[in-house]
Amino acid sequence: MKKYILFAITALVMLAATTPAPAAKQKKGFIGIEGPNLVKPNGERLFIVGTNLGNWLNPEGYMFGFSKTNSAWMIDLLFKEAIGPDETARFWQDFKDNYITRDDIAFIAGTGANTIRLPFNYKLFTDEDYMGLSSQQDGFKRVDQVVKWCREFGLYLILDMHDCPGSQTGDNIDDGYGYPWLFESEKSQRLFCDIWQRIARHYKDEPVILGYELMNEPIAHYFENKEELNAKLEPLYKRAVKAIRQEDRNHIVLLGGARWNSDFYMFTDWAFDDKIMYTCHRYGGDATAQAINDYISFRDKTQLPMYMGEIGHNTDKWQADFAKVMRDNNIGYTFWPYKKLDGSCMMGIQRPEQWDSVVVRYSETNRTTYKDFREARPDQALFRQQLRQFIENCRFEHCNQQAGYILSMGLKPAPVHQ
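Procedures and definitions
Residues numbered from 1 in each chain as written. Predicted model: local features only at pLDDT ≥ 70, side-chain atom pairs only at ≥ 80, totals over all residues. Heavy atoms only, no water. Helix = DSSP H or I, 4+ residues; strand = E, 2+ residues; numbered from the N terminus. Rg over C-alpha atoms; globule rule 2.2 N^0.38 Å. Contact = heavy atoms within 4.5 Å. Areas by Shrake-Rupley, 256 points an atom, 1.4 Å probe, with all protein chains shown as cover. Lys, Arg positive; Asp, Glu negative; His and termini not counted. Charge placed at Lys NZ, Arg CZ, Asp CG, Glu CD. Pairing = 2+ DSSP bridges. Buried < 20%, exposed > 50% of the residue type's maximum accessible area, 1.4 Å probe, protein only. Salt bridge = Lys/Arg side-chain N within 4 Å of Asp/Glu carboxyl O.

**Examining the overall build of the protein**
Part 1: Scanning the protein from terminus to terminus reveals 15 helices and 14 strands.
Part 2: Over its C-alpha trace the protein gives a radius of gyration of 23 Å, about what one expects of a compact globule, namely 22 Å for 418 residues.
Part 3: Based on the C-alpha atoms only, the size of the protein along its principal axes is roughly 95 × 45 × 45 Å.
Part 4: Sequence-distant contacts in the protein: of pairs separated by 6 or more residues, those separated by 24 or more amount to 74%.
Part 5: Carbon together with sulfur atoms contributes 52% to the accessible area of the protein, which is approximately 18,100 Å² in total.
Part 6: A distance of 5 Å separates the average location of the 50 positive side-chain charges in the protein from that of its 55 negative side-chain charges.

And the structure:
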């Protein structure tokens, strides 16, 4: 009898070990995938229309009117040279507090948008020196606030790691050092996966978040070994998705192609996860379906959703024509960016009166040596005053609504004061 019981127990253990676990069901409240479509919890199709909160948590030089000083670390260094580290840290704190507020999110919702893409620098989730902090970074605090506002105004949120450990692009947009070292650094890849796992753990039960976009515009085309780098993209995506799925089975993961999110030929296994979609970008070219034929073909081949994460910086007519092309071809979109200096966005920031003659001029000078710093440094009080004025001008109530731009997105101008 004892032998029989032991045999039965052994058989049950072996059966449990070899029987596959049932597939995880889509949890109620989260955006799901049905073929090439996104679906809401009530079964309705979701077609993404919205904007990007660029420059806020990943500063870019051109949005400040700079050309040579074009990445976050360069901007930070520029300000530290001009007014010192304490005043620079104060500027970044004020910048983060004022550039995007509840009023901005309310306005975006008021235009008829349904989705916001939030670019961020990985350093917001480390103890590295970034935007005035070198410990106790405030990444979760900032994103939590946007999640709260999006919930209040009925918007979905895509989290976009725009700047990855080691840098993923090899140009100024990744805040790195001119090469996609991420794909050659095991340490950076571990950190990349660890940050995404922590983000997934934090937001696994948050239905406001549509999905996690693992990296922005990986692997520029400048490098002779770009094909070798491209071959490493899908394996790293799989590694990061595996880390995310240890914490979160609810959210979609978004994967972008190489060369400015334009090439998808390096992807061969789109069935490795059941909540995957792809994301493309397009600036310029013909405003016709032919211009995005590669994206459409890849979408049709994979039978997974394709989403235009960035588009814009063109005439209102071009943008309106292209928005129609995307609607006709079931490719949702978020225009870039929501806010920047001057225009070509939803809300334009007015230049402070002496911005060009003081701040921009210093950013364009030769600052190679300490002698250069001393000779080119502008009046510190005047420089600080211009930065304070920029903070004031970037506040929602002082920005200029770009009605033509908004209409070109397929949205409508909204009341400025909520």
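**Some thoughts on the sheet that holds strand β3 (residues 45-46)**
Part 1: Strand order in the open sheet formed by three strands is β1-β2-β3, with antiparallel pairing between adjacent strands. The sheet is open, and its two edges are formed by β1 (32-34) and β3, each paired on a single side.
Part 2: Here β1 runs beside strand β2 (residues 37-39); their pairing, made up of three bridges, is antiparallel. Following the sheet pairing, Ile-33 is matched in β2 by Leu-38.

**Observations concerning the pairing of strand β9 (residues 276-282)**
Part 1: Within β9, six of the seven residues are buried, which leaves it mostly tucked inside the rest of the structure.
Part 2: The pairing of strand β8 (residues 252-256) with β9 spans four bridges and is parallel. Directly across from Leu-254, in β9, lies its bridge partner Met-277.
Part 3: Where β9 meets strand β10 (residues 306-311), five bridges bridge the pair, whose relative direction is parallel. Among the inter-strand pairings, Cys-280 is bridged to a residue of β10, identified as Met-308.

**Focus on the pattern of salt bridges**
Part 1: Overall, the coordinates contain 33 salt bridges when judged by the stated rule.
Part 2: Between Asp-342 and Arg-351 there is a salt bridge, and its shortest N-O distance comes to 2.8 Å.
Part 3: Judged by its relative accessible area of 37%, Asp-342 is partly exposed.
Part 4: Here Glu-397 and Arg-395 are joined by a salt bridge, their closest N and O atoms 2.8 Å apart.
Part 5: Judged by its relative accessible area of 30%, Glu-397 is partly exposed.
Part 6: Connected through shared salt-bridge partners, Arg-245, Arg-249, Asp-273, Asp-274 and Lys-275 make up one network.

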